[in-house]
Amino acid sequence: ADFDGAQTVALATSATFTPAAANLVVRDNELHHFSFAPISGPKIRNSPFAVTISARAVDDQVITGFTSTGALSSSVPLTPGFTGTFVSGVWTGGVAAGAYATGIAITITGPGGVTGVSNVLDVTHGPLHVFEWGEIVSPQFKGVPFGVSLTALDIAGNEVTDFAGTADLSAGAL
């Protein structure tokens, strides 16, 4: 492939036509690299976040005719592992990171091994969403204390390991 970017072509008429001249820009359609829109962080483990990737020519112009897909990879498992089909040279989709990590980047690999890399981000847990009760063995008897456990979870079901608050518990009649 010859990566040369957009080129300007001068057109002119003569002979039996009315003389005229114009310049026309011919865009390069050869994939040179992928570009990620900035991904803000941190992200919540197992919770999809928006990723936008564009297919670019050597002069960094979006290749609007690019309609292929690409493989997504990182130092942590990603879901999905592939993009959908690019539309007008751009793909936007939800991606979830499957492990906690600091300073990860997402890489796309497209046709011909062409790549692009996102900015770095952290993957952590989100804020407290709910408490999950541990198992309570049966039977329990009225007036006899018994132990219980609660686990603080975020909206994606991740343990909120730094929760240090208190929880008010109440029981109803059975």
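Just above sits the structure.
Only a predicted model underlies this, so the values are computations on that prediction, with no experimental measurement involved.

A.B. asks: I'd like to hear about the sheet that holds strand β3 (residues 33-36), residue by residue, with values.
C.D. replies: The strands making up a sheet associate through hydrogen bonds between their backbones, and the pairing can be parallel or antiparallel. With antiparallel pairing, four strands are arranged side by side in an open sheet as β3-β5-β8-β7. Every other strand in the sheet has two partners, leaving β3 and β7 (78-79) as the edge strands with one partner each. Pairing analysis gives two bridges linking β7 to strand β8 (residues 90-97), with the strands arranged antiparallel. Bridge pairing in β8 places T79 opposite A96.

A.B. asks: Which residues make up the side chain of H125, and what values go with them?
C.D. replies: Take H125: it is sitting in the loop between β12 (121-124) and β13 (130-133). Given the relative accessible area of 16%, H125 is considered buried. Within the local environment of H125, its side chain forms a polar contact with the side chain of D162, the two groups lying 3.2 Å apart.

A.B. asks: I'd like a rundown of unusual backbone geometry, residues and numbers included.
C.D. replies: Residue P42 is reached from G41 by a cis peptide bond, and omega for that bond is -5°. In this structure, P139 follows S138 across a cis peptide bond, with omega equal to 5°. Secondary-structure assignment places P139 in the loop between β13 and β14 (150-153). With a phi close to 55°, S88 is a non-glycine residue in the positive phi region. Given a relative accessible area of 46%, S88 falls into the partly exposed group.

Each value, and the rule that gives it
- Residues numbered from 1 in each chain as written.
- Predicted model: local features only at pLDDT ≥ 70, side-chain atom pairs only at ≥ 80, totals over all residues.
- Heavy atoms only, no water.
- Pairing = 2+ DSSP bridges.
- Helix = DSSP H or I, 4+ residues; strand = E, 2+ residues; numbered from the N terminus.
- Buried < 20%, exposed > 50% of the residue type's maximum accessible area, 1.4 Å probe, protein only.
- Polar contact = N/O pair within 3.5 Å; in protein donor to acceptor, adjacent residues only side chain to side chain.

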